[in-house]
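# Descriptive structure summary
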Amino acid sequence: MLKKRYMAATIALAASYLISQNSFAASTTAQALQQVLAALTITQVSDLDFGTAAAGDAAKTVAPGAAEDAENASFLVAGEANTAYTITLPADGVVTMTTGGGGANETIGVNTFASTPAAGANGLLDGSGQQDLFVGATRDALGASQVAGSYTATFTVDVVY
Amino acid sequence: MRWFVLLILLTSFKAYGQLAVTKISDLDFGVVPQDGPAKTVPPNGFETAENASFLVTGPANTAYSIILPRRFTMDHSSGTGKSIKVDNIISFPAEGNNGFLNPSGEQYLYVGATREAIQKNLTTGFYSATFTVEVVF
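Residues numbered from 1 in each chain as written. Chains lettered and ligands numbered in written order. Predicted model: local features only at pLDDT ≥ 70, side-chain atom pairs only at ≥ 80, totals over all residues. Heavy atoms only, no water.

## A short note on the packing of aromatic side chains
This is how the line gets drawn: Aromatic pairs are defined between Phe, Tyr and Trp rings, using the six-membered ring for Trp, whenever the two ring centres lie within 6.5 Å; interplanar angles under 30 degrees are classed as stacked, those over 60 as edge-to-face, and all others as tilted. Helix and strand labels come from DSSP, where a helix needs a run of H or I of at least four residues and a strand needs a run of E of at least two; each type is numbered from the N terminus. For the exposure calls, accessible area comes from a 1.4 Å probe over protein chains only, and a residue counts as buried if that area is under 20% of its type's maximum, exposed if over 50%, partly exposed in between.
Within the structure shown, the criterion is met by three aromatic pairs over all chains. Between Phe 24 of chain A and Phe 137 of chain B, the ring centres sit 5.5 Å apart and the planes meet at 50 degrees, which makes this aromatic pair tilted. Of this pair, Phe 24 of chain A sits in the loop between helix H1 (2-23) and strand E1 (25-37) while Phe 137 of chain B sits in the segment after strand E10 (125-136), placing the two residues on different chains. There is no split in this pair, since Phe 24 of chain A and Phe 137 of chain B are both buried. With 5.1 Å between their ring centres and 5 degrees between their planes, Phe 72 of chain B and Phe 131 of chain B make a pair best called stacked.

Take a look at the structure:
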């Protein structure tokens with residue numbers, strides 16, 4: 001009789017322990033969030049044009065300006081409306097216009113790149129997700145023996161959100 | 001003999017207390033442009049702007065297990081279009097029997113995950129998902 005009661009108590013204790021284990025659980029929910037912006041693009045509209053000069057001429061600066069003109073380079077930046085972006089221009093000593101083989105007297109350095117809006121975190125796409133970007137720079141003075149001809153270079157303008 | 005055993009059971013129930021978990025912050029992947037790369041938010045072990053964080057409470061000095069989802073998808077707010085897949089959901093403390101409530105019966109739980117790269121033509125806007133975190137003795 002005592003053995004039966006002892007067994008019944010042990011079973012009850014074990015069963016209660018199992019039930020108590022299953023009831024000790026809790027959960028909650030959380031959100032995962034992500035905003036996707038329209039891809040940022042930049043398209044060239046016009047080249048940077050220093051015009052015509054003669055050997056021995058002084059350095060020339062083309063200002064970026066606030067509108068398209070014959071000299072400045074211009075670009076159309078497009079993406080998410082009302083969103084800021086960062087502009088990066090070439091560093092000094094990186095862009096060199098060349099003619100012919102690009103040897104002695106066949107190069108003209110281009111430095112001090114500037115833009116409107118200014119380089120850095122100054123870009124801001126308008127309500128239709130666009131902004132014009134204007135770029136200017138300074139070309140070196142021409143040497144006395146500067147070779148005559150057309151000088152060109154390619155440079156990169158980078159934009160990122 | 002029988003009554004003595006029942007007394008032990010009642011005492012055990014009172015000592016255990018209630019396990020609970022509440023959300024403090026959501027998992028926020030931030031902002032990304034179309035064609036953007038995959039991104040991983042680490043759980044860290046402290047609150048950041050990105051990780052999800054929770055407060056687990058219960059009896060002092062007690063171990064508990066953490067159960068996380070395997071994967072889920074974030075849907076556009078319009079409810080249409082393609083979803084963004086999220087997996088590699090990890091926590092600090094790590095999933096499994098790694099939780100331990102301190103002498104105050106508390107522990108902070110942090111959750112991170114990885115979302116896939118964004119397709120070039122994915123619809124822009126706000127994406128979200130609801131996921132569940134479970135704790136158990």
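That shown, we press on.
## Here's the deal with the sheet that holds strand E10 (residues 158-160) of chain A
Strand pairing in a sheet relies on backbone hydrogen bonds, with the paired strands running either antiparallel or parallel. Residues and elements named next belong to chain A. Counted only if it meets this: If DSSP finds at least two bridges between two strands, the strands pair. Between the N-to-C directions of two axes lies an angle of 0 to 180 degrees, each axis being a line fitted to C-alpha atoms and, for a helix, fitted only over the stretch in contact.
Read across the sheet, three strands follow the order E8-E5-E10 without closing on themselves; strand pairing throughout is antiparallel. What marks the edges here is a single partner per strand, and that holds for strand E8 (120-124) and E10. Ignoring which end each strand starts from, the neighbouring axes of this sheet average 40 degrees apart.

## A word on the nonpolar core
Rules: Nine residue types can take part in a nonpolar core, namely buried Ala, Val, Leu, Ile, Met, Phe, Trp, Tyr and Cys, and a core is a set of them joined through side-chain atoms within 4.5 Å. For this analysis, residues touch if any pair of their heavy atoms sits within 4.5 Å.
Leu 27, Phe 54, Phe 72, Met 74 and Phe 131 of chain B are the most contacted members of the largest nonpolar core, which totals 34 residues. Of all the secondary structure elements, the ones that give two or more residues to this core are E1 of chain A together with strand E2 (27-33), strand E4 (52-57), strand E5 (62-67), strand E6 (71-76), strand E7 (84-92), strand E9 (106-115) and E10 of chain B. Tallying contributions element by element places E10 of chain B first for this core, with five residues. Ignoring sequence-local partners within four residues, the contact set of Phe 72 of chain B consists of Ala 32 of chain A together with Leu 27, Ile 84, Lys 85, Val 86, Ile 89, Ala 129 and Phe 131 of chain B. Formed by 23 residues, the second largest nonpolar core is a distinct cluster that contains Leu 89, Val 110, Leu 133 and Ala 137 of chain A.

Treat this as a map of the structure, not an account of what it does.
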